[in-house]
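Report on the structure
The lines below spell out each chain.
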Amino acid sequence: AEHSISRIAFGSCAMKTKAQPIWDVIADKKPDLFLFIGDAIYAEYDGKEAYTPTEETLKRDWGLLANEPHYKAFSSQVPIMATWDNHDYGKHDGGAEFELKEVTKKYFLDFFEEPENSVRRITPGIYDAKIFGPEGKRVQVILLDTRYFKGRAVTDKRSKAEKAAAGLSGSLGKYVPNPDPNVTLLGEVQWLWLEQQLRKPAEVRLLVSSTQVIANEKGMDEWGNYPLERQRLIDLIAGIDTEAVLILSGNVHFAEISKLQNQNIELLDFTSSGLTHTNKAYAKSANSYRVAGAYDEINFGLVEIDWDAVPSPIIKLVAMNAAGEPVFEYTVP
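A brief report on the enclosed structure follows. All values reported here derive from a predicted model rather than from experimental measurement.

All right, on to the overall build of the chain then. Scanning the chain from terminus to terminus reveals nine helices and 15 strands. On C-alpha atoms alone, the chain measures out to a radius of gyration of 19 Å, which is about the 20 Å that the 2.2 N^0.38 rule sets for 333 residues. Dimensions of the chain along its principal axes, counting C-alpha atoms only, are 55 × 45 × 40 Å. Each of the 333 residues in the chain was classed as buried or not, and the buried ones make up 56%. If you take every contact in the chain between residues at least 6 apart in sequence, the share linking residues at least 24 apart comes to 70%. Carbon and sulfur atoms form 52% of the exposed surface of the chain, whose accessible area is close to 14,100 Å². Positive and negative side-chain charges in the chain, numbering 37 and 48 respectively, have mean positions lying 3 Å apart.

Right, dumping it as structure tokens:
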């Protein structure tokens, strides 16, 4: 697409049993694009109890979002690109082992109006990429699939009492890093594809992961559970002479920005999570990489690119609250 884009909104985690007025607020920001980066529906949870999705429940749950009045109005106004996290994938913390993944993939792609002849429908997983804008103002959006190929995580064997003593509740401290080099998060096919994407010419790259990449101390469902895969991603980005790469992530029910800096790379991970609900305990958890946030109320993220800034374009990362007011921002030259 030759049309350049300068304002990209994103968010994650929309519970089907809750009202979703935030869509009106996001629409007011007039984004050129919205990235739905996980848990667009909760396909195995109704707010009270968990269940295993079926074709019938998937049809019903996607139908609930399609008919949610705020979302319905929003999706008719703003172009949307989407990837999934565990709940819209259909299995809590699920990965490659999920039996219904082809069924849920079909419903997901149908919902987001993926063309019938799309390559996304015939390749494993739902990863995708697009480049917007003319030379000099190209924005590449890379949507990773962190579910379809994901090997099993290693659970933390501490007792509930031990975890409580360490201040861990809910999903905090659920997992420990898996050192097995044979366990993958992205899968080899997606890794090869990602490297090809990162070599395409673009001025700004938004690398979308449903789960956090940089923050790795919570023991939640995150890249930190797969330390070799996490390092592989960092090394891949550092090793390709590429323009600004920004990671966008969700999943954790609060907003923050994390920054990894060493001699090889400076990498930002902007997390926005909680379009309908958030978790204050998760927001209090340790993150030694945090440079902005944590914000624990309903939120969405904005990436604003000032192409005309002198001497070179500036990117502003802004976390917005449910009233559309900025709660923190971070500027990237």
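More follows now that the structure is in view.
What follows concerns the environment of Gly274. Among the secondary structure elements, Gly274 is positioned in the loop between β11 (266-271) and α9 (280-283). The buried category is assigned to Gly274, whose relative accessible area is 0%. In this structure the C-alpha to C-alpha distance between Gly274 and Gly250, which are 24 residues apart in sequence, comes to 8.2 Å. Excluding anything up to four places from it in sequence, Gly274 contacts Ser12, Cys13, Ile298 and Asn299.

Attention now goes to helix α8 (residues 227-239). Over its 13 residues, α8 extends 18 Å from the first C-alpha to the last, a length consistent with the 18 Å expected when each residue adds 1.5 Å. Taken together, the buried positions of α8 are Glu229, Arg230, Leu233, Ile234, Leu236 and Ile237. In a view along the axis of α8, the buried residues occupy a sector of 160°, so they form one face of it. Against the buried residues of α8 lie α7 (188-198), β8 (204-209), β9 (244-249), β10 (255-261) and β11.

Looking now at the sheet that holds β11. Pairing within the open sheet is mixed, and its seven strands lie in the order β4-β5-β8-β9-β11-β10-β12. The sheet is open, and its two borders are formed by β4 (128-132) and β12 (290-295), each paired with just one other strand. Along the sheet, successive strands turn relative to each other by an average axial angle of 20°, direction set aside. Where strand β5 (residues 139-143) and β8 come together, five bridges link them in parallel fashion. Along β8, the bridge assignment pairs Leu143 with Val208. Along the sheet, α7 makes contact with β4, β5 and β8, crossing β5 at roughly 175°.

Turning next to the sheet that holds strand β13 (residues 299-306). Pairing between sheet strands relies on hydrogen bonds along the backbone, with the strands arranged either parallel or antiparallel. The strand order β3-β2-β1-β13-β14-β15 describes an open sheet built from six strands, whose pairing is mixed. Edge positions in the sheet fall to β3 (80-82) and β15 (326-332), since each has one partner strand and no second. When strand polarity is set aside, the average angle formed by the axes of neighbouring strands in this sheet is 20°. Across four bridges, the pairing between strand β1 (residues 7-11) and strand β2 (residues 33-36) is parallel. Across the sheet, residue Gly11 finds its bridge partner in β2, namely Phe36.

On to unusual backbone geometry, then. For the peptide bond that leads from Gly293 to Ala294, omega is 5°, which places it in the cis range. By the element assignment, Ala294 lies in strand β12. Note the cis peptide between Val310 and Pro311, where omega equals 5°. Structurally, the position occupied by Pro311 is in the loop between β13 and β14 (314-321).

Right, let's talk about the pattern of salt bridges for a bit. Overall, the coordinates contain 21 salt bridges when judged by the stated rule. Residue Asp61 is joined to Arg60 by a salt bridge in which the shortest nitrogen-to-oxygen separation is 2.9 Å. For the salt bridge of Glu116 with Arg121, the shortest nitrogen-to-oxygen distance reads 3.8 Å. Residue Arg121 is classed as buried on the basis of its relative accessible area of 19%. One salt-bridge network, in which partners are shared between bridges, spans Lys106, Asp110, Glu116 and Arg121.

What follows concerns the packing of aromatic side chains. Here the structure, examined in full by the defined rule, presents 23 aromatic pairs. Where Tyr127 meets Trp193, the ring centres are 4.6 Å apart and the plane angle is 45°; that geometry is what we call tilted. Here Trp193 lies in helix α7 and Tyr127 lies in the loop between α5 (101-111) and β4, a separation of 66 residues in the sequence. Trp193 matches Tyr127 in its accessibility class, with the two residues each being buried. An aromatic cluster is defined as three or more aromatic residues linked by ring pairs; in this entry it consists of Trp23, Phe34, Phe36, Trp62, Tyr71, Phe74, Trp84, Tyr89, Phe98, Phe108, Phe111 and Phe112. In this structure, Lys101 packs its charged tip against the face of Tyr148, placed 4.2 Å from the ring centre.

The next subject is the nonpolar core. Grouped together as the largest cluster of nonpolar side chains are 60 residues, with contacts concentrated most on Ile26, Phe36, Trp62, Phe112, Leu194, Leu207 and Leu267. If you tally residues by element for this core, the top one is helix α1 (residues 22-28), at five residues. Ignoring any residue separated from it by four or fewer positions in sequence, one finds Ile26 in contact with Ala9, Pro31, Phe34, Phe74, Leu275 and Phe300.

The rules behind these values
- Residues numbered from 1 in each chain as written.
- Predicted model: local features only at pLDDT ≥ 70, side-chain atom pairs only at ≥ 80, totals over all residues.
- Heavy atoms only, no water.
- Helix = DSSP H or I, 4+ residues; strand = E, 2+ residues; numbered from the N terminus.
- Rg over C-alpha atoms; globule rule 2.2 N^0.38 Å.
- Buried < 20%, exposed > 50% of the residue type's maximum accessible area, 1.4 Å probe, protein only.
- Contact = heavy atoms within 4.5 Å.
- Areas by Shrake-Rupley, 256 points an atom, 1.4 Å probe, with all protein chains shown as cover.
- Lys, Arg positive; Asp, Glu negative; His and termini not counted.
- Charge placed at Lys NZ, Arg CZ, Asp CG, Glu CD.
- Expected span 1.5 Å × (residues − 1).
- Arc of directions from axis to C-beta.
- Pairing = 2+ DSSP bridges.
- Axes fitted to C-alpha atoms, helices over the stretch in contact; angles between N-to-C directions.
- Salt bridge = Lys/Arg side-chain N within 4 Å of Asp/Glu carboxyl O.
- Phe/Tyr/Trp six-rings, centres within 6.5 Å; stacked < 30°, edge-to-face > 60°.
- Lys NZ or Arg CZ within 6 Å of the ring centre and 35° of its normal.
- Core = buried A, V, L, I, M, F, W, Y, C linked by side-chain atoms within 4.5 Å.

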